[in-house]
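# Descriptive analysis of the structure
Listed below are the residues making up each chain.
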Amino acid sequence: MTTTAAPAPAAPAVTREAYRDRLIPLLGTDPRLMCLDTDTGLFGAAHIEAAGERYLNLGIAEHNLMGIAAGLAFGGRMPFVNTMAGFASSRALEAVKVDIAYPALPVRIMATHGGLAAGHLGPTHHALEDLAVMRTLPTMTVVVPADAAATAAVVEQSLDLPGPLYVRLGRKATPAVPGDEPMVIGRAQRLREGGDVVLVGCGPYPVAACTEAAGLLGESGVSAAVLNMHTLSPLDTESLCTAASGASLVVTVEEHWRSGGLGGAVCEALAERQPVRVLRIGMPDQFSDTVGGQEHLLDHYGITAARTAAAVTAALEAN
Amino acid sequence: MTAAGPVELRERATRVREHIADMCAGPEGGHLGGAYSAADIMTALYFDVMNVDPARPDAPERDRFVLSKGHAAVGLYATLAERGFLPVDELASYGRPGSRLMGHPVRAVPGVEAATGSLGHGLALGCGFALGARLDGRDSRTFVLMGDGELQEGSVWEAAIGAASLGLDRLVAVVDRNSLQLTGPTDSIAAMEPLADRWRGFGWAVQEADGHDLAALVRALGTAPWEPGRPSVLIARTVKGRGLPFLEGRTACHYVTFSARNHAKARAVLGRSRKEDTG
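Analysis parameters
Residue positions are given per chain, counting from 1 as you read along its sequence in written order. Both sets of labels track the order of writing: A upward for chains, 1 upward for ligands. Local features in this predicted model are restricted to residues whose pLDDT is 70 or higher, and side-chain atom pairs enter the listing and the counts only when it is 80 or higher, whereas totals over whole chains, interfaces and linings include all residues. Calculated side-chain values reflect all of the structure's heavy atoms, with hydrogen atoms and water omitted. Each helix is a run of H or I in the DSSP string that is no shorter than four residues. Each strand is a run of E no shorter than two, and both are numbered from the N terminus. Using C-alpha atoms as the atom set, the radius of gyration is obtained and then compared with a globule rule of 2.2 Å times the number of residues to the power 0.38. Burial classes: relative accessible area under 20% of the type maximum marks a residue as buried, over 50% as exposed, and values in between as partly exposed (1.4 Å probe, protein chains only). Only the protein chains shown count as cover for residues, with accessible areas throughout obtained via the Shrake-Rupley method and a probe of 1.4 Å. For the charge count, each Lys or Arg is scored as positive and each Asp or Glu as negative, with His and the chain ends excluded. Charge placement uses NZ in Lys and CZ in Arg. For Asp and Glu, CG and CD serve respectively. In this analysis a 1.4 Å probe is tested at points of a 1 Å grid over the protein atoms alone, and where it fits but cannot get out there is a cavity; an open set with protein on both sides within 12 Å along at least five of seven lines is a pocket; lining residues have an atom within 4 Å of a point. Grid points are joined across faces, edges and corners, and a volume is the space filled by probe spheres set on the points. Each residue receives one of three labels: charged for Asp, Glu, Lys and Arg, nonpolar for Ala, Val, Leu, Ile, Met, Phe, Trp, Tyr, Cys and Pro, and polar for the others, Gly being one of them. Throughout, a contact is declared for two residues whenever any of their heavy atoms are within 4.5 Å. Axis angles are defined between N-to-C directions and span 0 to 180 degrees, where every axis is a line fitted to C-alpha atoms and, for a helix, only to the segment in contact. Reported orientations rely on four angle classes, namely roughly parallel under 35 degrees, roughly antiparallel over 145, roughly perpendicular from 65 to 115, and oblique for the rest. For any pair of crossing helices, the crossing counts as left-handed if the nearer helix is rotated counterclockwise from the farther one by less than a right angle, and right-handed if it is rotated clockwise. Nine residue types can take part in a nonpolar core, namely buried Ala, Val, Leu, Ile, Met, Phe, Trp, Tyr and Cys, and a core is a set of them joined through side-chain atoms within 4.5 Å. Segmentation of the chain into domains, including their bounds, is taken from an automatic or database domain assignment.

### What to know about the overall build of chain A
- From N to C terminus, chain A includes 12 helices and 12 strands.
- By the compact-globule yardstick of 20 Å for 319 residues, chain A fits well, its C-alpha radius of gyration being 19 Å.
- For chain A, the C-alpha atoms occupy an extent of roughly 60 × 40 × 35 Å along the three principal directions.
- With 319 residues in all, chain A has 60% of them scored as buried.
- A total accessible area of about 11800 Å² is found for chain A, and carbon and sulfur atoms account for 53% of it.
- Chain A carries 21 positive and 32 negative side-chain charges, and their two centres are separated by 3 Å.

### Brief notes about empty space enclosed by the protein
Residues and elements named next belong to chain A.
- Enumeration according to the criterion identifies two cavities of 30 Å³ or more in this entry.
- Size it by volume and the largest cavity reaches roughly 120 Å³.
- Looking at the largest cavity, it is lined by 15 residues, and the ones nearest its centre are Gly-114, Arg-168, Gly-170, Pro-204 and Glu-255.
- In terms of residue class, the lining of the largest cavity is built from six nonpolar, six polar and three charged.

### Description of the side chain of B:His263
- Residue placement: B:His263 occurs in helix H9 (residues 260-277).
- Once residues lying within four places of it in the same chain are set aside, the contact partners of B:His263 are B:Ala21, B:Asp22, B:Ala25 and B:Phe258.

### Description of the packing of helix H3 (residues 62-74) of chain A against helix H4 (residues 122-136) of chain B
- As a packed pair, H3(A) and H4(B) sit with axes 6 Å apart at the nearest point and diverge in direction by 45°. Relative to H4(B), the element H3(A) lies oblique. When the axes of H3(A) and H4(B) are compared, the crossing they make is right-handed. Of the residues in H4(B), those touching H3(A) at A:Asn64, A:Gly67, A:Ile68, A:Ala70, A:Gly71, A:Leu72 and A:Phe74 are B:Ala124, B:Leu125, B:Cys127, B:Gly128, B:Phe129, B:Leu131, B:Gly132 and B:Leu135.
- For the contact of H3(A) with H4(B), the class distribution of residues is 10 nonpolar, five polar and no charged.

### Observations concerning the nonpolar core
- Membership of the largest hydrophobic core comes to 82 residues, with the highest contact counts inside it found for A:Leu36, A:Met66, A:Tyr166, B:Leu123 and B:Trp199.
- Each of domain 1 (15-168) and domain 2 (189-318) of chain A accounts for three or more of the residues forming this core.
- Sequence-distant contacts of B:Trp199, defined by excluding residues within four places in its chain, comprise B:Leu123, B:Met146, B:Leu151, B:Val156, B:Trp157, B:Ala160, B:Val175, B:Trp204, B:Val206, B:Val233 and B:Ile235.
- B:Ala81, B:Val112, B:Leu244 and B:Phe258 belong to the second largest nonpolar core, which has 64 residues in total.

The values are spatial; any link to function lies outside them.
This is the structure in structure tokens:
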């Protein structure tokens, strides 16, 4: 078993704020960029003043947001559009599909409150289908940065990315990813080496759960590799297959329904290329019916390191 | 701009209708009724009002046209062909395997600015075009043609609020008020009136015109914006299927696949119109 000696992780930070704070100065240097808001409250007076005419609050109208962004992109602009993940991927989906993805326009859909980040606000504000929905759209790149530093990197890399991009962001401070492997859109990060099982995570808490679970498993003699599969489309199938080579089990951990998201993408890729048993940890097939913050809900629904480690142990014992 | 005279405009509109009839005699048929109600509007725009150049379909300073009622694709293809954006002969490929002329407009066709077909999308797109032009300091205008049934889509009104809030006065919407939708009279399905007041209430400058009076269309659309700081909407009163008396105003003209006999009948009617056009 080998492990990577990781530097101390950065302090928890808010990915949506990291995005905002990287975008605002870029507005002043890249004339293509626009920031289109739907009254999300993410941008304060100082941000708006700094952005000048590049910032527009279009009101609570997500279809209109996507349509205007498409029209601007047809004219050579690169709009960053702002709404919650649930609204971007459900309410405004048809405009995203027809007006943005179909003509492959470089619109950046910055979707906050991803997964269970809205916490006690409930299922109307949870986004647990967004990754499944977005990754089925041809031309759409789908990324879930696992921390603030990765989010800033995604914003920078998006400036050279053709076609549309969906970025799932959080709401409150979330853990930082240990290690110093650079974030590159489309390339999975190998956070830990291991040969028995592969833990694949997506998003701040799932990636943290994977690394913690790998530590727990290591204590009981199970060697677990950890992949941060931050890009769901296009999926880094090569890294996945390389990591899974020789492993008897792959476990996916995500803040998403168990169908269609990371687990679905991993199963599709492995079933076609390199069949291996896959366990999917994610939101059970139900709408949340309990009150609590994001961490409480993750714990309540079993999207945790302990559950991940236990699932691996049980599966290996059953073999 | 071609500054076509009234006789030429009338001839062009008849030819556009002939092309549409021919496409609707193809294997798949087409949305003839809404294409005919909009044929004079598109003729006025492409042969007089709009600054477009078939030789330079991507010229940055061009005016933009979005066919938000994308099911009238046969009308757009016919108009673009008649205007020189694509060969008239190519229209014969409509509905046939391998053709680039899909049943709803696609950007592969020269002159098509945006793929449309799902109703309620064009006005927000038009807002984006108009906003981009304003930010770039371009003078171009953006024209968005919507159906009246389409106004039942809520997204139209999101965009209507947006355009007025942004003060997009180079944005010009046209409502093809043919008062019929797929299964019957528009106003029997959803209350549409008072339509002009509704648009005024949303902050738009509003005019109404006979949507088959080419001179009136040119006058209204050519002089937009009508009020500084406000987007404009022309409510064009039209007749679905206008030009073929045996189909005009009938629900059945929404989608037509002509038999050889009815195609010949349509062509004969349009041929007589042509003679009248040229006096």
